[in-house]
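Structural characterization, general
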Amino acid sequence: MDNRRKSPVVRCTSAEKDSVDTYGAVAYTSDYVANSREAREFENGNPIGDILENQGIRIRRRPPTGPPMHAVGPFEFRLENEGNTPRNILEKIIWDKDKEISQLKERKPLSVLNKALNHAPPVRDFVGALRASYQRTCMPALIAEVKKASPSRGVLREDFDPIQIAKAYERNGATCLSVLTDEKYFQGSFENLEAIRRVGVKCPLLCKEFIIDAWQIYYARSKGADAILLIAAVLPDLDIKYMAKICSKLGMTALVEVHDEREMDRVLSIDGIQLIGINNRNLETFEVDISNTKNLLEGKRGDTIRQRDIMVVGESGLFTPEDISYVQDAGVKAVLVGESLIKQEDPGRGIAGLFGKDISV
Ligand SMILES: O=C(O)c1ccccc1NCC(=O)[C@H](O)[C@H](O)COP(=O)(O)O
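Residues numbered from 1 in each chain as written. Predicted model: local features only at pLDDT ≥ 70, side-chain atom pairs only at ≥ 80, totals over all residues.

Around the ligand, the structure places 21 residues, and the nearest of them are Ser150, Ser152, Ser316, Gly338 and Glu339. Of all the secondary structure elements, the ones that give two or more residues to the shell around the ligand are α4 (89–107), β12 (334–337) and α15 (339–342). Its residues placed into classes, the shell around the ligand shows eight nonpolar, seven polar and six charged. (Near = placed C-beta within 6 Å. Helix = DSSP H or I, 4+ residues; strand = E, 2+ residues; numbered from the N terminus. Nonpolar A, V, L, I, M, F, W, Y, C, P; charged D, E, K, R; others polar.)

Next comes the structure, spelled out in C-alpha cells:
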C-alpha cells in the first residue's frame, strides 16, 4: 500500500514553495495541509505553479515578490515594482483580500470562530429553497442581490438601506438573497449580513465574498450565512473540493461560479457539486454578455448537468423579462440579479418588472 499521501510532513522544493506562496493555495492547518499539498505535488508530478497553469488559473493570490512599492536609501525614494502590479481588477481584489484576511484571522482565529458558530442562527437550505421554488413556479428562482456599489458600475444606490431592501425583496418573491460583504470594492459588510438575518428575513442568505481561505467559510457561517460563493477563476480544483466539503459539513451550500468552458469542465469533474453559477460578467474585463449562459449549457455540458440534476444559476446582466426567458430557455433554474433591481426606485417592485409579472403569489 502506498502510504505517502497519509504522511503529515510534506517537503516542497523552494520553487514549489514560492509558487505556493504566490498563488497562495489555501493555507490549512489540519491533516489536509499535508494531504492537499502532497496531492498537488503528486498530481502529474508537477509543482503547484504548473498545476494552476494547467487548470487555466491566471489570478495570483499575492504579488510574486515583495511589496508593490519599496523605499531605497536614506532619502526614501519610492520605487514601483512593476512586476507586482495586479494584471486586472479581480487580481487586485484578491491581493487586497489576502491581506485583509491575514489581519482578520489574527484577531479571530478558528478557535474563537468555533465558539461563535454555536451561537450562529440555524442554517437554511439554500439550494433546497431554489429547487422548491423552481418546481412550484416553473420559473427561475430569484436570488436578489443586496449590492450598494461595484467596481464596474460605481455606486448603484446612494440611499442604500440593506435591511429595507432585503425585506422588500423577500416580500416581492425573492427565494434567496445575496449579500455583498466586501467593503473596499462593493461597500458591503458582514454587519449587513448579520442584520438582515437578525431582523427576521427568512430567505436563505448567500455571503457574496471573494473566498480564498477556508477560514472565511467559518466566519461567514458565524455571521449567519447559509451559502458561500467559490469562484473557479480564483480557486484551484483541490481548494474547491475542500471548501465544498467544509460547506456541506456546516450544512451550507456552495455556489461554484464559472465563466468559461474550461472552468465549467473543471467544476463538472468535481463530485458532489450541486449548484453552479454561470457568470455573464467577465470579472477580469467587466464585459457582460448573457449569451455566455447559453453557450456553456449547450451540448455535452448541458447533458451532464441535466443527468446529474445540477442546479444552474444565471448571473449578471439580467434586466428584462426577455433576458429571464432567454436564460431559462438555455437551462437555468435560478437567476442572480443585482444592478437591475437595486437601481429601481422601489427595488422590491422591480422584481415584477424584471419577470414581467408579480412572482410573490
Ligand atoms: O459587479 C462587478 O462589477 C464585479 C466586479 C468584479 C468582481 C465581481 C463583480 N460582481 C459580482 C457579480 O457577479 C454580480 O454582483 C452579480 O452576478 C449580479 O450582477 P448584476 O445583476 O449585473 O449586478
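There is more to say after this.
Once that is clear, we can look at the pairing of strand β6 (residues 176–180). With five of five residues buried, β6 lies mostly within the body of the structure. The side-chain alternation of β6 yields two buried faces, one formed by Cys176, Ser178 and Leu180 and the other by Leu177 and Val179. Two strands pair when backbone bridges link them, and strand β3 (residues 141–146) and β6 are joined in this way by four bridges, in the parallel orientation. Of the residues in β6, the one forming a bridge with alanine 144 is leucine 177. Relative to strand β7 (residues 205–208), β6 runs parallel, the two sharing four bridges. (Buried ≥ 20, exposed ≤ 12 C-beta atoms within 10 Å, placed from the backbone. Pairing = 2+ DSSP bridges.)

At their nearest, the axes of helix α7 (residues 162–171) and helix α16 (residues 347–355) sit 7 Å apart, and the two run at 35° to each other. The handedness of the crossing between α7 and α16 is right-handed. Taken together, the residues of α16 that come into contact with α7 (itself represented by Ile165, Ala168, Tyr169 and Arg171) are Pro347, Gly348 and Ile351. Broken down by class, the residue content of the contact of α7 with α16 amounts to five nonpolar, one polar and one charged. (Axes fitted to C-alpha atoms, helices over the stretch in contact; angles between N-to-C directions. Left-handed = near helix turned anticlockwise from the far one by under 90°. Contact = placed C-beta atoms within 7 Å.)

Let's shift gears to the UniProt feature "domain: Indole-3-glycerol phosphate synthase" (unreviewed entry) in the protein chain. Within this numbering scheme, the UniProt entry marks residues 90–351 as carrying the feature "domain: Indole-3-glycerol phosphate synthase" (unreviewed entry). Segment residues 90–351 splits into 47% helix and 17% strand. End C-alpha atoms: 29 Å apart. (UniProt positions renumbered as here; feature names shortened; annotations may be inferred.)

So, about the nonpolar core. The nonpolar side chains of a soluble globular protein tend to be buried, and buried together. In this structure, Leu177, Leu206, Ile228, Leu230 and Val335 are the most contacted members of the largest nonpolar core, which totals 90 residues. For this core, the domains that each give at least three residues are domain 1 (1–85) and domain 2 (117–355). In this structure valine 335 touches Pro140, Leu142, Ile143, Val313, Gly314, Leu318, Ile324 and Val327, once residues within four positions along its chain are discounted. (Core = buried A, V, L, I, M, F, W, Y, C linked by C-beta atoms within 7 Å. Domains from an automatic or database assignment.)

With that settled, the discussion passes to the sheet that holds β6. Taking strand neighbours around the barrel as the criterion, the eight strands line up as β3-β6-β7-β8-β9-β10-β11-β12 in a closed arrangement whose pairing is parallel. Neighbour-to-neighbour, the strand axes of the sheet open up by a mean angle of 25°, direction not taken into account.

Put simply, α7 and helix α8 (residues 190–198) touch, their axes get as near as 9 Å, and they point 50° apart. Relative to α8, the element α7 is oriented oblique. Judged by the twist between their axes, the crossing of α7 over α8 is right-handed. In this structure, α7 contributes Pro162, Ile163 and Ala166 to the contact, and α8 contributes Asn192, Ala195 and Ile196. Across the contact of α7 with α8, the residue classes break down as five nonpolar, one polar and no charged. (Parallel < 35°, antiparallel > 145°, perpendicular 65-115°, else oblique.)

A word on helix α13 (residues 299–307). The element α13 is largely exposed, with a buried count of zero among its nine residues. At the exit of α13 stands aspartate 309, carrying a positive phi of roughly 55°.

On average, the protein chain scores 87 in pLDDT, and the residues at 70 or more come to 81%. Across residues 1–34, where pLDDT falls below 50, the model places 50 contacts with residues more than four positions away in sequence or in other chains. ipTM for the predicted complex: 0.98, alongside a pTM of 0.87. (pLDDT = per-residue confidence, 0-100.)

Within the secondary structure layout, valine 258 lies in strand β9 (residues 253–258). By C-beta crowding, valine 258 is classed as buried, having 23 other C-beta atoms within 10 Å. Placed 120 residues apart in sequence, valine 258 and cysteine 138 show a C-alpha to C-alpha distance of 24 Å. Apart from residues lying up to four places away in sequence, valine 258 is in contact with Ala232, Glu263, Met264, Val267, Ile276, Ile278 and Leu296.

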